[in-house]
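# Chain and residue survey
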Amino acid sequence: MIRPGSEAELAEALRDATGPLSVRGGGTRGPLPDGTPLSTSALTGITLHDPAALTLVAQAGTPVEEIDAALAKANQRLAFEPMDHRALLGTTGTPTIGGVVAANVSGPRRMQVGAARDHLLGLRFVDGEGTVVKNGGRVMKNVTGYDLARLVAGSRGALGVITEVALKVLPGTETAASLVIRGLDDATAVRAMSEALGTPFEVSGAAHDPQAQGGARTVLRIEGFAPSVEYRCRALAERLASHGAWEVETDREAVRADWRGIRDVAPFHGTAGDVWRVSVRPSQAAELVTRAGAKQAFYDWGGGLIWLRCAEGDDLRARLGRYDGHATLVRATPETHAKLHTLQPEPLAVQALTRGLRETFDPRGILAA
């Protein structure tokens, strides 16, 4: 295990590498590519937090929980609420902010505020030749040319090893409430969620669990100042009355715990089988779930994200056929990952672009991804 204690040591390790390196942060997100393990876990610490400027800078190996705690003291938060994969995947370790950015991990609020990369002001990374690259800045108006930061975000370490990230953070919310209705079929639930998201009531979460204990459960989240939340919940329930009677859950801590479970796909915890993550147009979601023939389904992002639990080794992509979206294999044996591929195969034109980028940032091909 290579565990550099500084950016300079990391750059030296990359320059000296003669074979593939398997880059990891906290090791919480499932199977890693073959190669010599290289960990960023020693690159830790919040180097800047300016609450007035809504800006935070941290080294890549800094635990997400440490960042959450520091932001909470200033009544701030990471608005994109990154998922914690450990319970779903049965992994240990500690999620790091570098891993979050490298995988572009985003939670239920993504449909309202954007993904992790949309909150990235800048970053530092070391490319496959051991060159330190800095892109972006620490303020929201910084413009420095090519937006490499957003290119690296979500690249899973294929273009370089992130050493530091600068993030835009947002103020915390005074309270949160959920509107809940039971018994809707999948297609009706997606229509209800889409209708809710089209209102001016600033819905920050919309999920549907067809197999929830007690019957199918559809839940909408509203956050903000208490009087505003109370008014918007009442108005939204009236707007959606054609779908049935909505209950309002107002216990702040219970609501937050519920949405942590939605964020982390709690209905799949402790279950057997492969888990797939499917991004799709909400209007196609219910049909795709039927086509998938999965053991279990769970909808987030108002139907734009579907989690599916399938039989081990089942080729979900073949079952789904053509549609507007892509499927990522999240949980499976290493053999299944190798056979079916973790990521959706890219069209030929995109493959050419990807190959060109990798040859530019990692001409020796030492960054296994």
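Just so it is clear, the structure is predicted and the values come from calculations on it, not from any experiment.

The next thing to look at is helix 2 (residues 64-73). Along helix 2, the positions that sit buried rather than exposed are V64, I67 and L71. All buried residues of helix 2 project into a common sector of 60 degrees when viewed along the axis, lining one side. Counted as exposed and oriented over 90 degrees from the buried face of helix 2: E65, A72 and K73. In this structure, the buried side of helix 2 is in contact with strand 3 (46-50), strand 4 (55-59), strand 5 (76-77) and helix 4 (97-103). Of the residues trailing helix 2, N75 is marked for its positive phi of about 55 degrees.

Looking now at the layout of surface pockets. The computed volume of the second largest pocket comes to approximately 790 Å³. Together, 29 residues line the second largest pocket, and D68, R77, E81, R260 and R263 are the ones closest to its centre. Those elements that place two or more of their residues in the lining of the second largest pocket are helix 2, strand 5, strand 12 (217-224) and helix 9 (252-263). Residue contributions to the lining of the second largest pocket peak at 6 residues, all from helix 9. Taken together, the residues of the lining of the second largest pocket sort by class into 10 nonpolar, 5 polar and 14 charged.

As a further point, take the pattern of salt bridges. Side chains bearing opposite charge may pair, as long as their charged atoms lie close to each other. The final tally for this structure, using the stated rule, is 16 salt bridges. When the shortest N-O distance is used, the salt bridge between R86 and D84 registers 2.7 Å. For D84, a relative accessible area of 18% corresponds to the buried category. R291 is the salt-bridge partner of E287, the closest N and O atoms lying 2.8 Å from each other. With E287 and R291 both in helix 10 (residues 282-292), this residue pair falls 4 residues apart, about one helical turn. The structure contains a network of salt bridges with shared partners spanning R77, E81, R109, R221 and E223.

So, on to the pairing of strand 10 (residues 175-182). Within strand 10, 7 of the 8 residues are buried, leaving the element largely enclosed by the surrounding structure. Across 8 bridges, the pairing between strand 10 and strand 12 is antiparallel. Bridging across to strand 12, I181 finds its partner in T218. Taken together, the 3 bridges between strand 10 and strand 13 (residues 247-249) define a ladder with antiparallel strand orientation. Looking at the pairing, V180 lines up with E247 of strand 13.

Rules used throughout
- Residues numbered from 1 in each chain as written.
- Predicted model: local features only at pLDDT ≥ 70, side-chain atom pairs only at ≥ 80, totals over all residues.
- Heavy atoms only, no water.
- Buried < 20%, exposed > 50% of the residue type's maximum accessible area, 1.4 Å probe, protein only.
- Helix = DSSP H or I, 4+ residues; strand = E, 2+ residues; numbered from the N terminus.
- Arc of directions from axis to C-beta.
- Contact = heavy atoms within 4.5 Å.
- 1 Å grid on protein atoms, 1.4 Å probe; cavity = no way out; pocket = protein on both sides within 12 Å on 5 of 7 lines; lining within 4 Å.
- Points joined across faces, edges and corners; volume = space filled by probe spheres on them.
- Nonpolar A, V, L, I, M, F, W, Y, C, P; charged D, E, K, R; others polar.
- Salt bridge = Lys/Arg side-chain N within 4 Å of Asp/Glu carboxyl O.
- Pairing = 2+ DSSP bridges.

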